[in-house]
Amino acid sequence: MEKDESTIYHPIGAGSNVYKTNLLEYIYSQLPKDKVKISIGAQPNSVPHFGTLVVFSTAFSLAKILKKKYPEISSSILFEMVDTAPATVEIIDNIEYQKSLKYDGLTFLPVYEELLNNLGKYHKIPFEIRSQEAFNKSSCVHDIINNVIMNHEKTDMFLAPDTQNLRIRIACPKCGRSDKKAKNLKIQKHTLFSVCPFHGEFSVDYSTSPQLLEYNTPLRNLIRQLLYMQESIDSTIDYCWIRLTGSDYAGFYQEQTLYKAAAALGYSIKHLPIIVYAPLVTDWSGAKLSKSLYVKKNAYKDLPKYLLDYNSLIDVFGLEGLHFLAQITDDWINNPYKLFRSYSVDYFKYIFENKLRG
């Protein structure tokens, strides 16, 4: 059967059924304050790939449409830049050591800034960018970090089931190398100790220098959501939070690494901010369209280039391509039954080819 829009079917169960007409009303009812920051994140280690575009565009659409429906709401976007992600990894004496992006240069950050600027102008929504160092300096974060470190035995089974250890990294002050899986990490009161293969033992007092801490993804997710929770319920802070991320981080992952871990540390998880999940972009087999495969292994050679990354989308369609994606994500927010599902690259190819190329 020849494809047309009448043959695009949307799931009717689960979230699509519960929130198919009232998602915005539900989100609004859960906001403790009228000023809302919508958090997005990415590792700026390459040009933003198409899945990242979908997440960012969905966040701006949510901010715009929430503000339009509820004029008292002041909404903005915060890009949590994961500049502590690995830029290089090397194995020395069976230990993985990494140098983070912030040490080896944030070459692709200007492209992310351009993307955010273009989305911000189109949607008329302000944005800001925050580094991991600035995040770690947040007023509420010290007590959270201290609780996580002092009680890590309660959460290791959820956050690192393979190694059962706390995945906090500190980087050698001389060369920037850190023990990626924190195998040599030692804790004494407020001091973390690690070992550099070239410069020996070093330490960080996290009570005075929290900006030097790095986390693996599940631990960063836990600390970030706990910070958002504390700020959302703190009456002295005038904003609250929504987190928006890809739906590959939904389900079992979030249940185990966030909700169970937070509960194990004694937090009331009912106050954790809402997480909205952008639809997953999948390849022909149903797998996530993977940035690492595209970047490292030159996968997806047969796909149209505009479905790979931001630069290619702009090269082929100009800003009209980005604006068209924004119209798609607007539609998802306005019609939430379209939000609770995945979309294949074939779907996007069909839509783009028919709408932008006639």
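So, a few notes on the structure that sits alongside this text.

Scoring rules and cut-offs
Residues numbered from 1 in each chain as written. Predicted model: local features only at pLDDT ≥ 70, side-chain atom pairs only at ≥ 80, totals over all residues. Heavy atoms only, no water. Buried < 20%, exposed > 50% of the residue type's maximum accessible area, 1.4 Å probe, protein only. Helix = DSSP H or I, 4+ residues; strand = E, 2+ residues; numbered from the N terminus. Contact = heavy atoms within 4.5 Å. Pairing = 2+ DSSP bridges. Right-handed = clockwise from strand over helix to strand, strands pointing away. Axes fitted to C-alpha atoms, helices over the stretch in contact; angles between N-to-C directions. Parallel < 35°, antiparallel > 145°, perpendicular 65-115°, else oblique. Left-handed = near helix turned anticlockwise from the far one by under 90°. Nonpolar A, V, L, I, M, F, W, Y, C, P; charged D, E, K, R; others polar. Salt bridge = Lys/Arg side-chain N within 4 Å of Asp/Glu carboxyl O.

## A look at helix α7 (residues 141–150)
Along α7, the positions that sit buried rather than exposed are Val 141, Ile 144, Ile 145, Asn 147, Val 148 and Ile 149. Packing partners of the buried residues in α7 comprise α6 (132–136), β6 (168–170), β8 (186–188), β9 (191–196), β11 (213–215) and α9 (217–233).

## Digging into the pairing of strand β13 (residues 275–278)
For strand β12 (residues 240–246) and β13, the ladder comprises four bridges, and the chain directions are parallel. Opposite Gly 246, over in β13, you have Ala 278 as the bridge partner. At this point the chain moves from β12, through helix α10 (residues 252–264), to the parallel β13, and the crossover so formed is right-handed.

## Structural notes on the sheet that holds strand β2 (residues 74–81)
The strand order across the open sheet formed by five strands is β5-β2-β1-β12-β13, and the pairing between neighbours is parallel. Only two strands of the sheet have a single partner each, and these edge strands are β5 (127–130) and β13. Each adjacent strand pair in this sheet contributes to an overall mean axis angle of 25°, direction not counted. Running over the sheet, helix α3 (residues 50–69) touches β1 (35–42), β2, β5, β12 and β13 and is turned about 175° from β1. Against the sheet, α9 touches β1, β2, β5, β12 and β13, its axis set at about 155° to β12.

## Things to note about the environment of Val 36
Within the secondary structure layout, Val 36 lies in strand β1. Given a relative accessible area of 0%, Val 36 falls into the buried group. Distance from Val 36 to Phe 252, taken between C-alpha atoms, is 27 Å for residues 216 residues apart in sequence. Residues within four places of Val 36 in sequence aside, it is in contact with Leu 31, Ile 73, Ser 74, Ser 75, Ser 76, Cys 240 and Ile 242.

## Details of unusual backbone geometry
Note on backbone geometry: most residues besides glycine have negative phi, and most peptide bonds are trans. Positive phi, normally seen in glycine, also occurs at Lys 124, with a value near 60°. The topology assignment puts Lys 124 in the loop between α5 (109–123) and β5. The phi torsion at Ala 182 lies on the positive side, around 55°, for a residue other than glycine. Mapping Ala 182 onto the fold places it in the loop between β7 (177–179) and β8.

## Some remarks on the packing of α5 against helix α13 (residues 319–334)
The description of two helices packed together rests on the angle between their axes and the distance between the axes. Running from N to C, α5 and α13 cross one another at 60°; their axes reach a closest spacing of 11 Å. As the angle between them shows, α5 and α13 are arranged oblique. Here the hand of the crossing between α5 and α13 comes out right-handed. Of α13, the residues touching α5 (which contributes Leu 115, Asn 118, Leu 119, Tyr 122 and His 123) are Leu 319, Leu 322, His 323, Ala 326, Gln 327 and Asp 330. In the contact of α5 with α13, the residues fall into six nonpolar, four polar and one charged.

## Some words on the pattern of salt bridges
Enumeration according to the criterion identifies twelve salt bridges in this entry. The salt bridge involving Lys 64 is made with Asp 330; its shortest N-O contact spans 2.6 Å. In this pair, Lys 64 sits in helix α3 while Asp 330 sits in helix α13, placing the two residues 266 residues apart along the sequence. In this structure Lys 64 comes out as partly exposed when scored by relative accessible area, which is 22%. When the shortest N-O distance is used, the salt bridge between Lys 181 and Glu 96 registers 3.7 Å. Taken together, the positions of Lys 181 in the loop between β7 and β8 and Glu 96 in strand β4 (residues 95–100) put the pair 85 residues apart, joining distant regions of the chain. Under the relative-accessibility criterion, Glu 96 is labelled partly exposed at 28%.

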